[in-house]
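Listed here are the chains, written in short residue letters.
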Amino acid sequence: MCERPCAGSVISRRRLLTTLASATATTALDGLAAPAFSRLSQRPIITHGVQSGDVSLDSGMVWARADRPSRMLIEAATTDSFRDIIRSSFMDALPETDFTAKALLEDLPAGQDIFYRLRLQDLASPNAVGEPIVGRFRTAPSDRRSISFVWSGDTAGQGWGIDVSRGGMRTYATMLHNRPDFFVHCGDSIYADCTVPTQQKLPGGAIWRNIVTEEKSRIATTLADYRGNYKYNLLDANVRHFNAEVPIFAQWDNHEVMEDWWPGEAINRQGYGEKSALLLAARGCRAFHEFMPLRYVPAEPGRIYRKVSYGPLLDLFLLDMRSYRGPNGTNPKDHYGPDAHLLGPVQLAWLKRELNRSSATWKVIASDTPLGTIAANAPGARTPLGRGIEIADLLSFMQRARIPNTLWLTADLHYTAAHYFDPANAVFQDFEPFWEFVSGPIHAGTWTPSPLDRTFGPRVVFQSAASREQGDNFAPCFGLQFFGHVAIDGNTETLTVTLKDVADRVLWSTSIEPRVDQGARYLTRR
Ligand SMILES: [Fe+2]
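Our subject in this report is the structure included herewith. Each residue is numbered by its place in its chain's sequence as written, counting from 1. Per-residue local features are limited, in this predicted model, to residues with pLDDT of at least 70; the limit for side-chain atom pairs, both in listing and counting, is 80 or more; totals at the level of whole chains, interfaces and linings are taken over all residues. Processing note: side-chain calculations cover all non-hydrogen atoms of the structure and skip hydrogens and water entirely.

### Overview of the overall build of the chain
The number of helices and strands found in the chain is 8 helices and 23 strands. Accessibility here uses a 1.4 Å probe with only protein chains present; expressed as a share of the type maximum, an area under 20% marks a residue as buried, one over 50% as exposed, and anything in between as partly exposed. Looking at the chain residue by residue over its 526 residues, the buried ones come to 59%. Of the contacts made within the chain by residues no fewer than 6 positions apart, 72% connect residues no fewer than 24 positions apart. For the chain, the exposed surface amounts to about 20200 Å²; the carbon and sulfur share of it is 52%. Helix and strand assignments follow DSSP, with helices taken as H or I runs no shorter than four residues and strands as E runs no shorter than two, numbered in order from the N terminus. A contact between two residues is defined here by any heavy atoms of the two lying within 4.5 Å. We get accessible surface area from the Shrake-Rupley algorithm with a probe of 1.4 Å; when it comes to residues, only the shown protein chains can shield them.

### A closer look at unusual backbone geometry
Along the chain, Gly-440 connects to Pro-441 via a cis peptide bond; the corresponding omega equals 0°. Backbone geometry at Phe-82 places phi at a positive 55°, although glycine is not the residue there. Within the secondary structure, Phe-82 sits in the loop between β3 (70-77) and β4 (85-93). Overall, the relative accessible area of 6% leaves Phe-82 in the buried class. At Asp-260, a residue that is not glycine, the phi angle is positive and equals roughly 50°. Looking at where Asp-260 falls in the secondary structure, it is placed in the loop between β12 (248-250) and α6 (277-291). Taking relative accessible area as the criterion, Asp-260 reaches 19% and is therefore assigned buried.

### Observations regarding the sheet that holds strand β15 (residues 362-366)
Pairing is mixed in the open sheet, where 7 strands are placed in the order β13-β14-β15-β16-β18-β17-β19. Strand pairing shows two members of the sheet lacking a second neighbour, β13 (306-309) and β19 (458-464), which therefore form its edges. Across the sheet, the mean angle from the axis of one strand to that of its neighbour is 20°, orientation sign disregarded. Relative to strand β16 (residues 406-410), β15 runs parallel, the two being bridged by 4 bridges. Across the sheet, residue Lys-363 finds its bridge partner in β16, namely Thr-406. Axis lines are fitted to C-alpha atoms, over the contacting stretch for helices. Their N-to-C directions set the angle, which ranges from 0 to 180 degrees. Here helix α7 (residues 345-357) sits on the sheet in contact with β13, β14 (314-318) and β15, set at roughly 180° to β14. At least two DSSP bridges between two strands are needed for those strands to be called paired.

### Focus: the packing of α7 against helix α8 (residues 388-400)
Helix-helix packing: each pair is described by the crossing angle between the helix axes and the interaxial distance. Two elements in contact, α7 and α8, have axes separated by 11 Å at closest approach and are oriented at 15°. Taken together, α7 and α8 sit at an angle that is classed as roughly parallel. Helix-helix and strand crossings are classified by hand; for α7 and α8 the assignment is right-handed. Facing α7, whose interface residues are Pro-345, Leu-348, Leu-351, Lys-352, Leu-355 and Asn-356, α8 presents Glu-390, Asp-393, Leu-394, Phe-397 and Met-398. Note that Gly is not counted as nonpolar here; it falls among the polar residues with everything else outside the nonpolar set of Ala, Val, Leu, Ile, Met, Phe, Trp, Tyr, Cys and Pro and the charged set of Asp, Glu, Lys and Arg. Here the residues of the contact of α7 with α8 sort into 7 nonpolar, 1 polar and 3 charged. Between 65 and 115 degrees an angle is taken as roughly perpendicular, under 35 as roughly parallel, over 145 as roughly antiparallel, and anywhere else as oblique. A crossing counts as left-handed when the near helix is turned anticlockwise from the far one by less than a right angle, and as right-handed when that turn is clockwise.

### Regarding the coordination of the iron ion
Each angle at a metal carrying four tetrahedral donors should ideally be 109.5 degrees, and each at a metal carrying six octahedral donors should ideally be 90 or 180 degrees. Excluding water, the donors of a metal are its N, O and S neighbours within 2.8 Å, or within 3.2 Å for Na, K and Ca, and that exclusion means sites may look incomplete. The protein atoms that coordinate the iron ion are Asp-154 (OD), Asp-188 (OD), Tyr-191 (OH) and His-414 (NE2), at distances of 2.0 to 2.4 Å. Geometry assignment treats four donors as tetrahedral when all angles are between 85 and 135 degrees, treats four as square planar and six as octahedral when opposite donors are over 155 degrees apart and all others between 65 and 115, and treats everything else as irregular. Taken together, the 4 donor atoms surrounding the iron ion define angles of 84 to 174° at the centre, an arrangement classified as irregular.

### Considering the nonpolar core
Side chains of a nonpolar character, in soluble globular proteins, are inclined to be buried together. Buried Ala, Val, Leu, Ile, Met, Phe, Trp, Tyr and Cys residues that are joined via side-chain atoms within 4.5 Å together make up what is termed a nonpolar core. Formed by 53 residues in total, the largest nonpolar core has its most connected members in Leu-118, Trp-151, Val-184, Leu-314, Leu-316 and Phe-437. If you tally residues by element for this core, the top one is strand β6 (residues 113-122), at 4 residues. Setting aside residues no more than four positions away along its own chain, Val-184 makes contact with Phe-149, Val-150, Trp-151, Ser-152, Phe-249, Gln-251, Leu-316, Leu-318 and Ala-366. Core analysis: the next-biggest nonpolar cluster, separate from the first, contains 43 residues, Met-175, Ile-190, Ala-220 and Ala-277 among them.

### Focus on the pattern of salt bridges
Should a side-chain nitrogen of Lys or Arg be within 4 Å of a carboxyl oxygen of Asp or Glu, the pair is scored as a salt bridge. The tally for this structure, following the rule as stated, stands at 31 salt bridges. Notably, a salt bridge pairs Arg-71 with Asp-92, separated by 2.8 Å at the nearest N-O pair. Remark: Asp-92 occurs in strand β4 and Arg-71 occurs in strand β3; sequence separation between them is 21 residues. The class of Arg-71 is partly exposed, set by a relative accessible area of 24%. Residue classification places Asp-92 among the partly exposed residues on the basis of a relative accessible area of 28%. Here Asp-260 and Arg-325 are joined by a salt bridge, their closest N and O atoms 3.9 Å apart. One end of the pair, Asp-260, is in the loop between β12 and α6; the other, Arg-325, is in the loop between β14 and α7, with 65 residues separating them in the sequence.

### Comments concerning the environment of Gln-463
Turning to its location among the elements, Gln-463 is positioned in strand β19. Given the relative accessible area of 33%, Gln-463 is considered partly exposed. C-alpha of Gln-463 to C-alpha of Val-438: the two residues are 25 residues apart in sequence and 8.8 Å apart in space. Discounting chain neighbours no more than four positions away, the residues touching Gln-463 are Tyr-415, Thr-416, Ala-417 and Pro-449.

### Description of α6
Multiplying 1.5 Å by the residue count of a helix minus one yields the expected span of that helix. Here α6 is 15 residues long and its end C-alpha atoms lie 21 Å apart, about the 21 Å a rise of 1.5 Å per residue gives. Contact partners of the buried residues in α6: β1 (46-53), β2 (60-66), β5 (100-105), α4 (223-233) and β12.

### Observations concerning the side chain of Glu-436
Structurally, Glu-436 is set in strand β18 (residues 434-438). Working convention for charge: Lys and Arg count positive, Asp and Glu count negative, and His plus the chain ends are omitted. Within the buried set, Glu-436 has no salt-bridge partner at all; the shortest N-O distance to an opposite charge, 12 Å, is to Arg-325. Setting aside anything within four residues of it in sequence, one finds Glu-436 in contact with Pro-370, Leu-371, Gly-372, Trp-408, Thr-410, Ala-417, Ala-418, His-419 and Phe-421.

### Let's talk about the sheet that holds β3
The 4 strands lie next to each other as β4-β3-β6-β7, forming an open sheet whose pairing is antiparallel. Of all strands in the sheet, those with a lone pairing partner are β4 and β7 (133-138), marking the two edges. Taking the axes of each pair of neighbouring strands and ignoring which way they run, one obtains an average angle of 25° across the sheet. Seen against the sheet, helix α5 (residues 237-245) touches β6 and β7 and runs at an angle of roughly 55° to β7.

### Some thoughts on the packing of aromatic side chains
Here is the rule: rings of Phe, Tyr and Trp (six-membered ring for Trp) pair when centre to centre is within 6.5 Å. Planes less than 30 degrees apart are stacked, more than 60 are edge-to-face, and the remainder are tilted. Applying the stated criterion across every chain yields a total of 28 aromatic pairs. Aromatic pair Phe-183 and Phe-242: ring centres 5.3 Å apart, planes at 85°, arrangement edge-to-face. Here Phe-183, found in strand β9 (residues 182-185), pairs with Phe-242, found in helix α5; they are 59 residues apart in sequence, far enough to count as distant. The same class applies to Phe-183 and to Phe-242, which are both buried. Measuring from ring centre to ring centre gives 4.7 Å for Phe-474 and Phe-478, while their planes differ by 25°; the resulting arrangement is stacked. Among the aromatic side chains, those forming a connected cluster through ring pairs are Trp-63, Tyr-230, Trp-252, Trp-261, Phe-288 and Phe-291.

Okay, structure coming up:
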């Protein structure tokens, strides 16, 4: 999705250096030294804050990046005094990973605040140890206590980068204010194919002024470019504060590589010297894994789809609809084959198996692509076509296997919405009704509403988007930036979804009771 263009322009070298210098001054005040300046230091420096992610009942990943070859020293405790260190380990950060390092803290107590302290030891001068940065996360509970999380997507898109005078990427600060247990980033965590220019014109003549970097001044094609996109986002103080306090479950969409790419694509696009999408995807995937604190799967080291067991109330399924899909642009057919792949057969079988095994009350499926934009059914079609065939197969499997209490979360549309999928309104009808909740962008242009495909009968129950007058790519400073909040009550097991904006206003909310027998009961209130 997001077929709408990136804004952006190439900037002059002189302007770049001037702006970067002022950005450095800003970020240094915030306790973060920019890499170019940190090399003057005698001791290694954590260049882009700390992150945690992929927490479980007893573990969590931690992440940092160094300014030189370093050993990341890791300590964990259950209090921020670090009086009793319960775990310690280390991970080396070398140029081969752009000095990023991440490691899994294991054997942690369940449902517990974990404070982690990261510091860097210079591998060339082991006596030189840098200042620590402390972060924290909470492990998943083993009991039925209340939990909450936020989700969104679309960070730094369409040339809307960090304008310090406008508060930077403010939605991250608002999400932090909600104190969620974790954050699901549904993708477009970077916009590799969008440049960030020095400035953009706003309606009415005001100017949006970006922090700019060399890597974000061109579309990404090299590994260094892709890495530079993640480093850019981490220049934002809101993002770093959020990362230090809230663990992330990251999935990717298309812009982590290139607009609407598919694995076998022969690239014939303006600005791209490379001819193979697979080569760009390999670089994009490498940078994604280097800069996101997601786990490593030995069976498929680049894998992004995974299941998160978050205690008795919640299993979270993070999908990857980009890495295994069939070609774009073919006429969608009514029979299944490589041209119709979306998740691909292996991921689809995994998802069915894991949904069937799940004993958690709620099964939340985080999707990088909204279900109403996948199938692209031809007018008058009587069966699912193309990429919709896998979704039809999955939904009918979920009905036959009587898998209760599922819902879908996504971003991608650059507006927020609640979609109720009802077989009574659908071309394909062998499924139980379900909700899909859409939120985003976190920090990107806001779109006007998208048309939804009728294959699975979506009904727009709520939406907040850019108006026709505001148009597509409405700037982030006008308040139409969105995230969603999910709370599961430990006593009643009721799940409440709240759609919010950057000002933390409640736009719409619904509470869903878990199904106790066939047929979920949905209670909707404003
Ligand atoms: Fe996007």
